[in-house]
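Remarks on the overall topology
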Amino acid sequence: MTGDKKQFIYVLRLIPLLLDESNWTKREEDIADRHFARLQKLQDEGKLILAGKTLGIDEKTFGIVILEADSDKEALELMRTNPAVAEGIMTAELFPYTVALMKH
């Protein structure tokens, strides 16, 4: 952890309708693209530690985002303004977190 920054993890889950890939439209694909671009921007800004998802799409599928932020409020804002969350294709839950070990 650097300086006074705190670490957080948020867990993302697709809304049930989108667990069936045939329900995806260009709208959802565009939102997913903006979601990924947003994560890349956070990485460029030094706020993103790690992001990824489980393989496949079913009721157990989830993604995680591990980030650093100055405050709980900033972390919550970063999560809520993620396009996938803001536009309602994914739900998200935020937790304080600490990376204990990481591959270099």
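Quick note: structure is the one above.
Below, the structure is looked at part by part. The model shown is predicted, which means the values in this text are computed figures rather than measured ones. (Residues numbered from 1 in each chain as written. Predicted model: local features only at pLDDT ≥ 70, side-chain atom pairs only at ≥ 80, totals over all residues. Heavy atoms only, no water.)

Some remarks on the pattern of salt bridges
One pass over the full model with this rule turns up eight salt bridges. For glutamate 87, the salt bridge goes to arginine 34, with nearest N and O atoms at 2.1 Å. Of the two residues, glutamate 87 is situated in the loop between helix H3 (83-86) and strand S4 (90-97) and arginine 34 in helix H1 (residues 26-44); the sequence distance between them amounts to 53 residues. Look at glutamate 87 and you get partly exposed, because its relative accessible area is 33%. The closest approach of N and O atoms between lysine 41 and glutamate 45, which form a salt bridge, is 3.0 Å. For lysine 41, a relative accessible area of 49% puts it in the partly exposed group. Here the salt bridges do not stand alone but share partners, grouping Lys41, Glu45, Lys47 and Glu74 into one network. (Salt bridge = Lys/Arg side-chain N within 4 Å of Asp/Glu carboxyl O. Helix = DSSP H or I, 4+ residues; strand = E, 2+ residues; numbered from the N terminus. Buried < 20%, exposed > 50% of the residue type's maximum accessible area, 1.4 Å probe, protein only.)

Things to note about the environment of glutamate 29
The topology assignment puts glutamate 29 in helix H1. A residue is classified by how much of its surface remains accessible, and glutamate 29, at 40% relative accessible area, is partly exposed.

A short note on H1
If you check H1, its first and last C-alpha atoms are 27 Å apart, about what 19 residues at 1.5 Å a residue would give, namely 27 Å. Those residues of H1 that sit buried are Glu28, Ile31, Ala32, His35, Arg38, Leu39 and Leu42. Buried residues in H1, looked at end-on, bunch into an arc of 115°, giving them a common side. Facing away from the buried surface of H1 by more than 90 degrees, the exposed residues are Lys26, Asp33, Phe36 and Asp44. Turning to H1, the residues buried within the fold contact strand S1 (6-14), strand S2 (48-53), strand S3 (63-69), helix H2 (72-80), H3 and S4. One or two positions beyond H1, positive phi appears at glycine 46, with a value near 80°. (Expected span 1.5 Å × (residues − 1). Arc of directions from axis to C-beta. Contact = heavy atoms within 4.5 Å.)

Side note on H2
Here H2 has its buried residues at Glu74, Ala75, Leu78 and Met79. Here the buried residues of H2 occupy an arc of 135° about the axis, which is enough to place them on one side. For H2, the exposed residues lying more than 90 degrees away from the buried face are Lys73 and Arg80. In the core, the buried residues of H2 are packed alongside S1, H1, S3, H3 and S4.

Thoughts on the nonpolar core
Ranked by size, the top nonpolar core spans 21 residues in total, and within it Tyr10, Val65, Leu67 and Ile89 carry the most contacts. For this core, the elements supplying multiple residues, two or more each, are S1, H1, S3, H2 and H3. Beyond its immediate sequence surroundings of up to four residues, tyrosine 10 is in contact with Leu39, Gly63, Ile64, Val65, Leu67, Leu78, Met79, Asn82, Ala92, Glu93 and Leu94. (Core = buried A, V, L, I, M, F, W, Y, C linked by side-chain atoms within 4.5 Å.)

By themselves, these figures tell us nothing about what the structure is for.
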